[in-house]
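Coordinate analysis (summary)
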Amino acid sequence: MAHQVVRINENTWRIEDQGVRFFLLAGTEKALLVDSGMSVRNAREIAGELTGLPLELLNTHADRDHIGSNAEFDRFYMHPADEPAYRQGGGQGTVIPVGEGDILDLGDRPLDIIHIPGHTPGSIAVLDVKGRFLISGDPIQDGNIFMFGPNRDMNAYAMSLARLEGVMDRFDEIWPSHGSFPVSPALIPQLREAAEKQMAGELAGTKIDMFGQSIVRYDAGCAGFLCTE
Ligand SMILES: [Zn+2]
């Protein structure tokens, strides 16, 4: 099965795409895809079967498993700090830059953009202000969080989590791109503490082989961090 569409409520859907998840949010005036899948190349078509509203796209970051259908869009929202990696991977189209403090309004549905660098420099989270949920992308989830390779920054990651702890009164659920759906906001301080421990050398690591690279998986209890040694 290629992908699975799950309706969350009357104007919100999640699309499960073989280990990665993306979202469709509809307001009164337009709809927004948050990421465009990993294996699917027709996210626009999938969304078109769910809503007739004009459709826009936002990427939580530029990792390969979040941009599968970007070629269907001439322009899309992305944090500019992830554009170099997007171009390096051959990504086309016009980036409409978004960042900390920006508000996208879908029509009676304001979305606050929160910049959470660390997993990538341009990682962003999307806060549905009225729905009281946070779409977190990869940085907050209970699976393995990729922190190896270029552009990853554990210190920035811990600082992003600390900042999110400061706005936890604004949401009741977190909707990540991988792992369980949904997860509790309580995961944020747990991950922040684990990231601090990892940097202090206090987390146990296990060597694993991934894509021919030697990676260390640090067990954060609530999740795993995949790092180089
Ligand atoms: Zn991902």
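Structural notes, computed from the coordinates.

Describing the environment of G91
Inspection of the secondary structure puts G91 in the loop between α2 (83-88) and β7 (94-97). The buried category is assigned to G91, whose relative accessible area is 13%. It is 27 Å that separates the C-alpha atoms of G91 and D128, two residues lying 37 residues apart in sequence.

With respect to the coordination of the zinc ion
Protein coordination of the zinc ion is provided by D65 (OD), H66 (NE2), D138 (OD), D138 (OD) and H178 (NE2), with donor distances spanning 2.1 to 2.7 Å. Summarised as a motif, the one-chain spacing of the donors to the zinc ion is D-H-x71-D-x39-H. Placement of the pair is H66 in the loop between β5 (55-58) and β6 (75-78) and H178 in the loop between β13 (173-176) and α4 (187-199), with a sequence separation of 112 residues. Here H66 matches H178 in class, with each residue buried.

So, helix α3 (residues 154-165)
Here α3 spans 17 Å end to end across twelve residues, near enough to the 16 Å set by a 1.5 Å rise per residue. Where α3 starts, the residue carrying a side-chain oxygen 3.0 Å from the main-chain nitrogen of N155 turns out to be D153.

Quick look at the sheet that holds strand β16 (residues 224-227)
Reading across the sheet, the four strands line up as β12-β16-β15-β14 and stay open at both edges, with mixed pairing between neighbours. What marks the edges here is a single partner per strand, and that holds for β12 (144-146) and β14 (205-210). The sheet shows a mean angle of 30° between the axes of neighbouring strands, taken without regard to direction. Strand direction decides the pairing type here: β14 and strand β15 (residues 213-219), joined by six bridges, are antiparallel. Considered in β15, the bridge of G205 is made with Y218. α4 rests against β12, β15 and β16 of the sheet, and its axis sits at about 35° to β16.

Focus: unusual backbone geometry
Of the consecutive residues F181 and P182, the connecting peptide bond is found in the cis state with omega at -15°. Here P182 shows up in the loop between β13 and α4. Positive phi outside glycine occurs at Q18, with the angle close to 55°. For Q18, the position within the fold is in the loop between β2 (12-17) and β3 (20-26).

Brief notes about the packing of α3 against α4
Any two packed helices are characterised by the angle at which their axes cross and by the distance between the axes. Contact geometry of α3 with α4 gives a least axis separation of 9 Å together with a crossing angle of 155°. The angle between α3 and α4 falls in the class roughly antiparallel. Along this stretch, α3 crosses α4, giving a crossing that reads as left-handed. For the pair α3 and α4, contact is made by M154, N155, Y157, A158, L161, A162, L164 and E165 and by I188, P189, L191, R192, A195, E196, Q198 and M199, respectively. Among the residues making up the contact of α3 with α4, the classes are represented as eleven nonpolar, two polar and three charged.

Section: the sheet that holds β13
Taking strand neighbours across the sheet as the criterion, the five strands line up as β8-β9-β10-β11-β13 in an open arrangement whose pairing is mixed. Both outer strands of the open sheet, β8 (103-105) and β13, are each paired with one neighbouring strand and no more. When the angles between neighbouring strand axes are averaged without regard to direction, this sheet yields 25°. Bridge count for β8 against strand β9 (residues 110-115) is three bridges, and the pairing is antiparallel. Counted as the bridge partner of I103 is D112 from β9.

Examining the pattern of salt bridges
Taken as a whole and judged by the stated rule, the model has twelve salt bridges. In this structure, the salt-bridge partner of K130 is D108, at a minimum N-O distance of 2.5 Å. Of this pair, K130 sits in the loop between β10 (124-128) and β11 (133-137) while D108 sits in the loop between β8 and β9, and the two are 22 residues apart along the sequence. The same class applies to K130 as to D108, namely exposed. Look at the salt bridges and you will find they share partners, linking R14, E16 and R21 into a network.

So, the environment of R217
Here R217 shows up in strand β15. R217 sits in the partly exposed class, given a relative accessible area of 26%. When the C-alpha positions of R217 and I145 are compared, they lie 9.3 Å apart, and in sequence the two are 72 residues distant. If sequence neighbours within four positions are ignored, R217 has contacts with N144, A204, G205, T206, I208, A223, G224, F225 and L226. A polar contact of 2.6 Å, which involves the side chain of R217, links it to the side chain of N144.

What counts, and where the lines are drawn
- Residues numbered from 1 in each chain as written.
- Predicted model: local features only at pLDDT ≥ 70, side-chain atom pairs only at ≥ 80, totals over all residues.
- Heavy atoms only, no water.
- Helix = DSSP H or I, 4+ residues; strand = E, 2+ residues; numbered from the N terminus.
- Buried < 20%, exposed > 50% of the residue type's maximum accessible area, 1.4 Å probe, protein only.
- Donors = N, O, S within 2.8 Å, 3.2 Å for Na, K, Ca; no water.
- Expected span 1.5 Å × (residues − 1).
- Polar contact = N/O pair within 3.5 Å; in protein donor to acceptor, adjacent residues only side chain to side chain.
- Pairing = 2+ DSSP bridges.
- Axes fitted to C-alpha atoms, helices over the stretch in contact; angles between N-to-C directions.
- Contact = heavy atoms within 4.5 Å.
- Parallel < 35°, antiparallel > 145°, perpendicular 65-115°, else oblique.
- Left-handed = near helix turned anticlockwise from the far one by under 90°.
- Nonpolar A, V, L, I, M, F, W, Y, C, P; charged D, E, K, R; others polar.
- Salt bridge = Lys/Arg side-chain N within 4 Å of Asp/Glu carboxyl O.

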